[in-house]
Amino acid sequence: MDVGFIGLGVMGLPMALNLTRAGTPLVVWNRTATRSEPLRAAGAKVAAEPAEVFERARVVILMLADDAAIDSVLGRGTPALARNVAGRVIVHMGTTSPDHSRGLEADVRAAGGDYVEAPVSGSREPAEAGRLVAMLAGEDAAVEEVRPLLAPLCHRTFDCGPVPGALLTKLSVNLFLITMVTGLTEAFHFADRHGLDKDLFMDVLAAGPMSSGVSRMKAPKLADRDFTVQAAVSDVLKNNRLIAEAARAAGLASPLLDVCHALFGETVALGHGRSDMVAVLHAIEARTDHDRRH
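Residues numbered from 1 in each chain as written. Predicted model: local features only at pLDDT ≥ 70, side-chain atom pairs only at ≥ 80, totals over all residues. Heavy atoms only, no water.

> Can you walk me through the overall build of the chain in this structure?
Along its length, the chain carries 14 helices and nine strands. Relative to the globule expectation of 19 Å for 294 residues, the C-alpha radius of gyration of the chain, 20 Å, shows essentially globular dimensions. Summarising its shape, the C-alpha atoms of the chain cover approximately 60 × 45 × 35 Å along the three principal directions. Burial analysis of the chain (294 residues in total) assigns 49% to the buried set. Long-range pairs, those at least 24 residues apart, make up 65% of the contacts in the chain with a sequence separation of at least 6. Here the chain carries 30 positive and 35 negative side-chain charges, and the mean point of each set is 2 Å from the other. (Helix = DSSP H or I, 4+ residues; strand = E, 2+ residues; numbered from the N terminus. Rg over C-alpha atoms; globule rule 2.2 N^0.38 Å. Buried < 20%, exposed > 50% of the residue type's maximum accessible area, 1.4 Å probe, protein only. Contact = heavy atoms within 4.5 Å. Lys, Arg positive; Asp, Glu negative; His and termini not counted. Charge placed at Lys NZ, Arg CZ, Asp CG, Glu CD.)

> For this particular structure, what's the right way to read helix 11 (residues 213–224)?
Here helix 11 is 12 residues long and its end C-alpha atoms lie 18 Å apart, about the 16 Å a rise of 1.5 Å per residue gives. Every buried residue of helix 11 is accounted for by Ser-215, Lys-218, Ala-219, Lys-221, Leu-222 and Ala-223. Looking at the buried side of helix 11, the elements it contacts are helix 9 (165–193), helix 10 (198–207) and helix 14 (280–293). Positive backbone phi, approximately 50 degrees, marks Arg-225, located one or two places after helix 11. (Expected span 1.5 Å × (residues − 1).)

Have a look at this one:
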């Protein structure tokens, strides 16, 4: 049978293209129909509605923005859920709250389907290159059925036990990513406002122990004030909120995350929600300029 793929956003489109180019028989759907055209050109089938994807596919990958979009596509809370998921494996590759995923697994299994969490670490460029890292959670048989399908998308996969272990792992990784990129951006702002040579700053950073794949990707964007999206500010703010909620639910402090939450909220308020996450620079600059005026 075909493999289904629903959700062709910044991450979903290159992921689905990689599957198609690897020879996976894919049927896709996206709410904005024009996003499906590159998949049609690459040889994938394009469904007219989500129900057609479920009819044609045994495994259906969801790369959707939030829990409301997932619930709507699946028909959760309606008789359509059983029609869509019975006898199928639903693969949730986006990022939602662990509680939502836990409840979704229960509903899918009660309706006769299987469920796998498979959130990924990486942004648009690793998605395009097929170099994402997947975290898998769910029943062993379902996970093993899904794992080979992810080979064109991910260079590593990790088993994270039962649901919601994969999403909790993803949120832990994202906590580090968010604070790391915010720290890099503040360091760049510090160097820039002291009049330091940007290329020299990046060379020193790249030569030392703080160099990383993230710094090598994001520092040039900061130097060029290139805010084209790899991971959008609005998505980072959503992830920040999910991590904070999971921390509060477990009674955990998250002091660095809380500062980042405020900064990314300010970045969205300044009109940069669709820019890359290094656009948090705008919020840091706005704080500096405000302090200087007052």
